[in-house]
Amino acid sequence: MRVYDIIEKKKLGEVLTDKEIAFVVEGYTDGSIPDYQMSALLMAIYFQGMNDKETALLTECMAKSGEMLDLSAIEGIKVDKHSTGGVGDTTTIVLAPLVAAADVPVAKMSGRGLGHTGGTIDKLESFPGFKVELPLEGFIENVNKHGVAVVGQTGNLAPTDKKIYALRDVTATVDNVSLIAASIMSKKIAAGSNAIVLDVKCGSGAFMKTLEDAKKLGDAMVRIGKEVGRNTIAVVTDMNQPLGNAIGNSLEIMEAIDTLKGNGQGDLTELTHTLAANMFVLAGRVATVEEGLSLADELIESGKAIEKLREWVASQGGDARSVDDYSLLPAAAKQMDVVLEETGYVAAIDTEMIGKAALVLGAGRENKESIIDLGVGLIMHKKIGDKVTKGDVVATLYYSDNSHTEAAIRYIKDAYTFSTESIKKPQLIYTIIR
């Protein structure tokens, strides 16, 4: 079998066989297929696409290219959650204890962020002493004992996906639905959960800018899940403005805690309840999403969810007192209000601009060597549909030095678009693909 023939076949729009896809993944993993040939195949796939079976097999082969976690020692149905990413995306910090409080095991591997804020792992390090690295035995033990553990992703999880993604990133082949779906799902499958709930973002702060593209991606991932025997649901959600009000690591942790105490922002609460309800259904904890939503409300109101957060933080070495005493969390030295001169209704927010504001303050990484300042970021006070009068504070910056505040203020001001007429608040959840 020759990779040249496989490239030619896909270039002509033909369907690749199981053996051909396995040959390519194995060859690129062991180095026998060079970058230039893999690049040619990726470009052929980019233009010709892949059908459901091809995409599922590519996913499965990439998942099996490294370590496949065996979570069978954890009792119950394990349901994983993945978000395609956004600004102010604090959902895992809320979801993990909320779902675990319902006796649904949460065994999750998450990543660090390369962008406007840290990833889930970075945010968890805002809890003093929190250990994001555990041996597999300790990871499983924590889930069995406490119902929840979230750790950094192992370096040997779907390693071929990492190689292929790095190549896609420099060959203009990133934005292909089959390749995106296979990349995301390969890591989820390798992580060992029985079922998967996907939060697919769309809008100005998401990778998928249009609802149509987000639905295509969600549908592709659900179909992959079906092909490989993992029950999968995709929730397509809006990211045309930040989720919640906090953007930054420690700031988002505080907002997550407030949400678990029943004092969160409406959109963050709505989304986390919807995701939790679907996780409850997949785990067999409830029969319907409606029952799941009621259960989520009950866990918040009873205090079981916030108590589970305290237990989780302590179980991974963190200081559980910080759940109630925010002064123990990392904090920026200074803060500054951002005031706009416009009067009207917020018609649109360029969410990517808001993310850039957080990034220049030090909340995220511009490259892998960047050091995150866990205390900095910003709080949004005005969102789409809100009325703004000249002189109103639209955001508050939290920062450590003055060197980048001007840039952050400029990004925030450029992000807002106003209307003289009232604007309807945007829909948060567009559709659920089952």
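Residues numbered from 1 in each chain as written. Predicted model: local features only at pLDDT ≥ 70, side-chain atom pairs only at ≥ 80, totals over all residues. Heavy atoms only, no water.

What follows is about the sheet that holds strand β11 (residues 393-399). Pairing within the open sheet is antiparallel, and its four strands lie in the order β6-β9-β11-β7. Strand pairing shows two members of the sheet lacking a second neighbour, β6 (246-248) and β7 (334-339), which therefore form its edges. Shown here is a sheet whose adjacent strand axes are inclined to one another by a mean of 15°, direction ignored. Contacts from helix α11 (residues 249-260) reach β6, β9 (377-380) and β11 within the one sheet, and its direction differs from that of β6 by about 145°. Of the strands in this sheet, β7, β9 and β11 are in contact with helix α16 (residues 405-415), which crosses β11 at around 150°. (Pairing = 2+ DSSP bridges. Helix = DSSP H or I, 4+ residues; strand = E, 2+ residues; numbered from the N terminus. Axes fitted to C-alpha atoms, helices over the stretch in contact; angles between N-to-C directions. Contact = heavy atoms within 4.5 Å.)

For the structure on display, the rule yields three cavities of 30 Å³ or more. Along its surface, the largest cavity is lined by Leu16, Ile21, Val24, Val25, Met38, Leu41, Leu42, Ile45, Met50, Leu58, Ile164 and Leu179. Of all the secondary-structure elements, those providing two or more residues to the lining of the largest cavity are α2 (18-30) and α3 (35-48). For the lining of the largest cavity, the per-class residue count stands at twelve nonpolar, no polar and no charged. Each pocket or cavity is described by its volume, and for the second largest cavity that value is around 70 Å³. The wall of the second largest cavity is formed by Val79, Asp80, Lys81, Thr92, Leu95, Ala96, Val106, Ala107, Lys108 and Met279. Counting residues per element, the ones that place at least two in the lining of the second largest cavity are β1 (79-83), α5 (91-100) and β2 (106-110). Of the residues belonging to the lining of the second largest cavity, the class tally is six nonpolar, one polar and three charged. (1 Å grid on protein atoms, 1.4 Å probe; cavity = no way out; pocket = protein on both sides within 12 Å on 5 of 7 lines; lining within 4 Å. Points joined across faces, edges and corners; volume = space filled by probe spheres on them. Nonpolar A, V, L, I, M, F, W, Y, C, P; charged D, E, K, R; others polar.)

Remark: the empty space left among the atoms is shown by a probe the size of a water molecule rolled over them. In this structure, the second largest pocket occupies an estimated 300 Å³ of space. Forming the walls of the second largest pocket are 19 residues, and the residues nearest its centre are Gln241, Asp267, Lys383, Lys425 and Pro426. Of the residues assigned to the lining of the second largest pocket, the class counts are seven nonpolar, six polar and six charged.

On their own, these measurements won't tell you what the molecule is for.
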